[in-house]
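Letter by letter, the chains look like this.
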Amino acid sequence: QVQLVESGGGLVQPGGSLRLSCVDSGAIFKVRTMDWYRQAPGKQRELVATITSGGSTNYADSVKGRFTISRDNAKNTVYLQMTSLKPEDTAVYYCTAGETYYSGSYYSRKWGQGTQVTVSS
């Protein structure tokens, strides 16, 4: 079964940094748009960052200038570098692979299991 596996979450003090990683076991990683979402307790899931297959990126206003999304197609991995972390960044972070059509087949969106990020002193 094709999976996304996140890692890199944890507890960090305000102002600190973390790097999240997400490995895609699928065969078409390089053609998929990849996203990071997050969900804080009692809040709706929020799109944090997106990177297309061509490397174009987009960010939520709340993280612009602090977070950087990147990808390594040779490793089937997408990253989220988070700096200047704030308590309001505390959430479960999810990696997703967007739906796509490739070589005549449809691939639906898939989600990882999530990784907890807690920003607290």
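Up top is the structure.
The structure presented is a predicted model; accordingly, all values stated were derived computationally and were not measured.

Enquirer: I'm lost on the pairing of strand β4 (residues 34-39) in this one. Help?
Expert: Look at any regular strand and the pattern is simple: side chains alternate between the two faces of the sheet. In terms of residue burial, β4 counts as a mostly covered element, since 5 of its 6 residues are buried. Remark: 6 residues form the turn of the hairpin made by β4 and strand β5 (residues 46-51), two consecutive strands paired antiparallel; G42 in that turn has positive phi of roughly 75°.

Enquirer: Sorry if this is basic, but what is going on with unusual backbone geometry here?
Expert: Trans peptide bonds make up most of the peptide bonds, and negative phi angles are found at most residues other than glycine. Phi angles above zero are rare outside glycine, and N76 is one such case at about 50°. Along the chain, N76 falls in the loop between β7 (67-72) and β8 (77-82). One non-glycine residue, S103, lies in the positive phi region at around 55°. Mapped onto the fold, S103 is located in the loop between β10 (100-102) and β11 (105-107). Here S103 falls in the exposed class, since its relative accessible area comes to 67%.

Enquirer: I tried to follow the packing of aromatic side chains on my own but got confused; where do I start?
Expert: How two aromatic rings sit relative to each other is given by the distance of their centres and the angle of their planes. Evaluation of the coordinates by the stated rule reveals 3 aromatic pairs. Ring geometry for Y94 and W111: centres 6.3 Å apart, planes at 80°, overall edge-to-face. You can see Y94 sitting in strand β9 (residues 91-97) and its partner W111 sitting in strand β12 (residues 110-111), a full 17 residues away along the chain. Taking the relative accessible area as the measure of exposure, Y94 reaches 15% and is therefore buried. Seen in terms of ring centroids, Y101 and Y106 are 5.0 Å apart; in terms of plane orientation they differ by 50°. Their pairing is tilted. Residue Y106 is classed as partly exposed on the basis of its relative accessible area, which comes to 41%. Among the aromatic side chains, those forming a connected cluster through ring pairs are Y37, Y94 and W111. Between the NZ or CZ atom of R45 and the centre of the ring of W111, over which it lies, the distance is 4.6 Å.

Calculation notes
- Residues numbered from 1 in each chain as written.
- Predicted model: local features only at pLDDT ≥ 70, side-chain atom pairs only at ≥ 80, totals over all residues.
- Heavy atoms only, no water.
- Buried < 20%, exposed > 50% of the residue type's maximum accessible area, 1.4 Å probe, protein only.
- Helix = DSSP H or I, 4+ residues; strand = E, 2+ residues; numbered from the N terminus.
- Pairing = 2+ DSSP bridges.
- Phe/Tyr/Trp six-rings, centres within 6.5 Å; stacked < 30°, edge-to-face > 60°.
- Lys NZ or Arg CZ within 6 Å of the ring centre and 35° of its normal.

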